Amino acid sequence: MNKKRDSFSSRLGFVFAAAGSAVGLGNLWRFPYLAAKYGGGIFILIYLLLAVTFGFTLMITETGIGRATGLSAIGAFKKLDKRFRFTGYLACIVPFIITPYYCVIGGWVVKYLGAFLTGQVEAAASDNYFTGFIAQAAEPIVWFSLFIFLTAAVVIIGVQKGIEKASMILMPVLLILIIGISAFCITRPGAAEGVKYYLLPDIKHFSPTTLFAAMGQLFYSMSLAMGIMITYGSYMKKDGDLRRSVRQIEIFDTVIAILAGLMIVPSVFVFSGGSQEALSKGPSLMFITLPKVFESMSFGRIIGTAFFILVLFAAVTSSISLLETNVSIVCDQLHWNRKKATLIVTAYLLIVGSFISLGFGPLDFIKILGMGLLDFFDFISNSVLMPIVAILTCVSIGFFIGPKVIYDEVERSAPFKEKKFYTIMLKWIAPVCLVLILIFAVSEALGLIKV
Ligand code: PFF
């Protein structure tokens, strides 16, 4: 603990590392299917409003807590106010819930990469390919295990830095590819309707679930309310401009998510008609829609292969940061060495992830609160735990520890222009809205209300 903490060598180094963790399957896979399902343009509008208000407030607070204390979530809350130490523990549970199912989706990406590499483009684009695949017991687990081993190997061999460097080149390439693919998609006949649905907010499509979904997605995509940004902040240099870094990460993360949706949502209109049923496919949407897009383009096999390689890369950089987080929590709390902790966490992921994967096949009769296993894990982390952690973070800093810790961090390098707005958000608007959202989301899941 008294060893001097490494820090990012530059402010941009911090931005890239945090963006590498933030940009992942959340942007490419989760955002498009939520936007498709929960109203298109209205979902995006709400997401953007939440990003500049809640997202900004929470990200500044978390990175500020990390930089002020130089510690990860548990130590940081303990140092600031012992009474809130449990907030750190609660935050640490989240990555343990997310990582297993994140790796299951990672496994699906590996499977599609394999299909494109071996030229099975037509098969992959056919209607029942995806459902046939996930309904099996063994095959999805094989791909999922491969994804975990890939992640664990990077962590065990200790080449994360190399991977992060490579991702600085590959991320922009991914961005260019996404722009190219979305340009192709939105110029297909029939896409205009989809672009309209996706970009033009229509209040008709609003429901309270749109709001819960957008809020959960914001936390997930920006790696908030799970201690991650506290850890990243603790590695940030003292003289870096916190406010500007936070803005840049937010903008980068949001742009990638919106573009990913532009590639997927209009395509649902082109290839499957824009029926509510087609739009509500949920977690499978990207895997059902994109192969059809690639099949319909020239050089589709090559473009599809390149695309899945890059998605895999983005997924692996995020899963590395998730695994690292899990491992460092175990090392800190149980005082195990890194190797032992990595092996045990990997075993945990294999067991829980296999169980989640089987939830689409032999175990698909298991429904908790009407949800399948993956959706249930996703619900517990995104709709329950993260709002609770976010509420506790706002209340502890706003009322007990005092927002001065955060003001000081921001003002080290530049004036805090939104100080008033930030304080009102932190103390009042965010906690009150989050409590309401939490109550609604949980009551809805328990069937107490119908929204
Ligand atoms: N924010 C990542 C995504 O959008 O894919 C998910 C994630 C990665 C969360 C890494 C947490 C984390 F540590």
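Above this text is the structure in question.
These numbers come from a predicted model, not from an experiment.

Some points on the overall build of the protein chain
Turning to step 1, where the next piece is worked out: Check the secondary structure of the protein chain and you find 20 helices and zero strands.
Turning to step 2, where the next piece is worked out: On C-alpha atoms alone, the protein chain measures out to a radius of gyration of 21 Å, which is about the 22 Å that the 2.2 N^0.38 rule sets for 451 residues.
Turning to step 3, where the next piece is worked out: Long-range pairs, those at least 24 residues apart, make up 82% of the contacts in the protein chain with a sequence separation of at least 6.
Turning to step 4, where the next piece is worked out: Total accessible area computed for the protein chain in this model is approximately 18000 Å², and 68% of it derives from carbon and sulfur atoms.
Turning to step 5, where the next piece is worked out: One way to put it: in the protein chain the 37 positive side-chain charges average out to a point 8 Å from where the 25 negative ones average out.

Notes on the site of the ligand
Turning to step 1, where the next piece is worked out: The immediate surroundings of the ligand are formed by 15 residues, with Ala22, Gly26, Tyr102, Tyr220 and Ile228 found nearest.
Turning to step 2, where the next piece is worked out: A distance of 3.1 Å separates a nitrogen atom of the ligand from a polar atom in the side chain of serine 223.
Turning to step 3, where the next piece is worked out: Contact with the protein chains removes 100% of the 340 Å² of surface that the ligand exposes when unbound.
Turning to step 4, where the next piece is worked out: Contributing elements (two or more residues each) for the shell around the ligand: helix H1 (11–22), helix H2 (25–37), helix H11 (208–221) and helix H16 (300–334).

Structural notes on the state of the cysteines
Turning to step 1, where the next piece is worked out: Evaluation of the coordinates by the stated rule reveals zero disulfides.
Turning to step 2, where the next piece is worked out: No disulfide involves cysteine 103; its sulfur sits 18 Å from that of cysteine 331, the nearest cysteine.
Turning to step 3, where the next piece is worked out: Relative accessible area serves as the criterion here: at 2%, cysteine 103 is assigned to the buried category.

Concerning helix H19 (residues 404–411)
Two residues of an α-helix separated by three or four positions point the same way, owing to the 3.6 residues in each turn.
Turning to step 1, where the next piece is worked out: Among the residues of H19, Val405, Ile406, Tyr407, Glu409 and Val410 are the ones counted as buried.
Turning to step 2, where the next piece is worked out: On its buried side, H19 packs onto helix H3 (41–69), helix H4 (73–80), helix H13 (242–272), helix H18 (373–401) and helix H20 (419–445).

A closer look at the environment of tyrosine 33
Turning to step 1, where the next piece is worked out: In this structure, tyrosine 33 sits in helix H2.
Turning to step 2, where the next piece is worked out: Owing to a relative accessible area of 5%, tyrosine 33 belongs among the buried residues under this scheme.
Turning to step 3, where the next piece is worked out: When the C-alpha atoms of tyrosine 33 and glycine 261 are compared, they prove to be 7.8 Å apart, with 228 residues separating the residues in sequence.

Structural notes on helix H5 (residues 85–117)
Turning to step 1, where the next piece is worked out: Spanning 33 residues, H5 covers 49 Å between terminal C-alpha atoms, matching the ideal 48 Å at 1.5 Å per step.
Turning to step 2, where the next piece is worked out: In the structure, H5 departs most strongly from a straight axis at threonine 99, where the bend amounts to approximately 25 degrees and where the proline proline 100 lies between one and four residues downstream.
Turning to step 3, where the next piece is worked out: Looking one or two residues beyond H5, the residue adopting positive phi is glycine 119, at roughly 75 degrees.

Quick word on the packing of aromatic side chains
Turning to step 1, where the next piece is worked out: Evaluated as defined, the whole model comprises 27 aromatic pairs.
Turning to step 2, where the next piece is worked out: Geometrically, the ring pair formed by phenylalanine 43 and tyrosine 47 is stacked, given 6.4 Å between the ring centres and 20 degrees between the ring planes. With phenylalanine 43 and tyrosine 47 both in helix H3 and four residues apart, this pair spans about one turn of that helix.
Turning to step 3, where the next piece is worked out: Here the aromatic rings of phenylalanine 96 and tyrosine 348 are separated by 6.0 Å at their centres, their planes lie at 70 degrees, and the arrangement is edge-to-face. Of this pair, phenylalanine 96 sits in helix H5 while tyrosine 348 sits in helix H17 (residues 338–358), and the two are 252 residues apart along the sequence.
Turning to step 4, where the next piece is worked out: Given the relative accessible area of 18%, phenylalanine 96 is considered buried.
Turning to step 5, where the next piece is worked out: Pairwise contacts between aromatic rings join Trp108, Tyr112, Phe116, Tyr129, Phe130, Phe287, Phe294, Phe307, Phe308 and Phe360 into one cluster.
Turning to step 6, where the next piece is worked out: Over the ring of phenylalanine 399 we find lysine 427; its NZ or CZ atom is 5.4 Å from the centre of that ring.

Overview of the side chain of asparagine 27
Turning to step 1, where the next piece is worked out: Considering the arrangement of structural elements, one finds asparagine 27 in helix H2.
Turning to step 2, where the next piece is worked out: Under the relative-accessibility criterion, asparagine 27 is labelled buried at 0%.
Turning to step 3, where the next piece is worked out: A distance of 2.9 Å separates a polar side-chain atom of asparagine 27 from the backbone oxygen of aspartate 253.
Turning to step 4, where the next piece is worked out: Here asparagine 27 is in contact with Ala22, Pro32, Ser221, Asp253, Ile256, Ala257 and Ala260, once residues within four sequence places are set aside.

Topic: the packing of H4 against H5
Turning to step 1, where the next piece is worked out: Axis separation between H4 and H5 bottoms out at 7 Å; the angle between their running directions is 165 degrees. Here H4 is positioned roughly antiparallel relative to H5, judged by the angle of their axes. Between H4 and H5 lies a crossing whose hand is right-handed. In this structure, H4 uses Ala73, Ile74, Phe77 and Lys78 to contact H5, whose residues at the interface are Arg85, Thr87, Gly88, Tyr89 and Cys92.
Turning to step 2, where the next piece is worked out: Of the residues that constitute the contact of H4 with H5, the class distribution is five nonpolar, two polar and two charged.

Observations concerning the environment of serine 272
Turning to step 1, where the next piece is worked out: Residue placement: serine 272 occurs in helix H13.
Turning to step 2, where the next piece is worked out: Using a relative accessible area of 37% as the deciding quantity, one classes serine 272 as partly exposed.
Turning to step 3, where the next piece is worked out: Counting along the chain gives 20 residues from serine 272 to lysine 292, while the straight-line C-alpha distance between them is 9.7 Å.

Some thoughts on the side chain of lysine 111
Turning to step 1, where the next piece is worked out: Its place among the elements puts lysine 111 in helix H5.
Turning to step 2, where the next piece is worked out: Overall, the relative accessible area of 11% leaves lysine 111 in the buried class.
Turning to step 3, where the next piece is worked out: Here the side chain of lysine 111 touches tyrosine 129 through a polar contact of 3.3 Å, side chain to side chain.
Turning to step 4, where the next piece is worked out: Discounting residues that sit within four places of it in the chain, lysine 111 has contacts with Tyr129, Phe133, Glu139 and Trp143.

About the criteria used
Residues numbered from 1 in each chain as written. Predicted model: local features only at pLDDT ≥ 70, side-chain atom pairs only at ≥ 80, totals over all residues. Heavy atoms only, no water. Helix = DSSP H or I, 4+ residues; strand = E, 2+ residues; numbered from the N terminus. Rg over C-alpha atoms; globule rule 2.2 N^0.38 Å. Contact = heavy atoms within 4.5 Å. Areas by Shrake-Rupley, 256 points an atom, 1.4 Å probe, with all protein chains shown as cover. Lys, Arg positive; Asp, Glu negative; His and termini not counted. Charge placed at Lys NZ, Arg CZ, Asp CG, Glu CD. Near = heavy atom within 4 Å. Polar contact = N/O pair within 3.5 Å; in protein donor to acceptor, adjacent residues only side chain to side chain. Disulfide = S-S within 2.5 Å. Buried < 20%, exposed > 50% of the residue type's maximum accessible area, 1.4 Å probe, protein only. Expected span 1.5 Å × (residues − 1). Bend = angle between axes of the 7 residues up to and from the residue. Phe/Tyr/Trp six-rings, centres within 6.5 Å; stacked < 30°, edge-to-face > 60°. Lys NZ or Arg CZ within 6 Å of the ring centre and 35° of its normal. Axes fitted to C-alpha atoms, helices over the stretch in contact; angles between N-to-C directions. Parallel < 35°, antiparallel > 145°, perpendicular 65-115°, else oblique. Left-handed = near helix turned anticlockwise from the far one by under 90°. Nonpolar A, V, L, I, M, F, W, Y, C, P; charged D, E, K, R; others polar.

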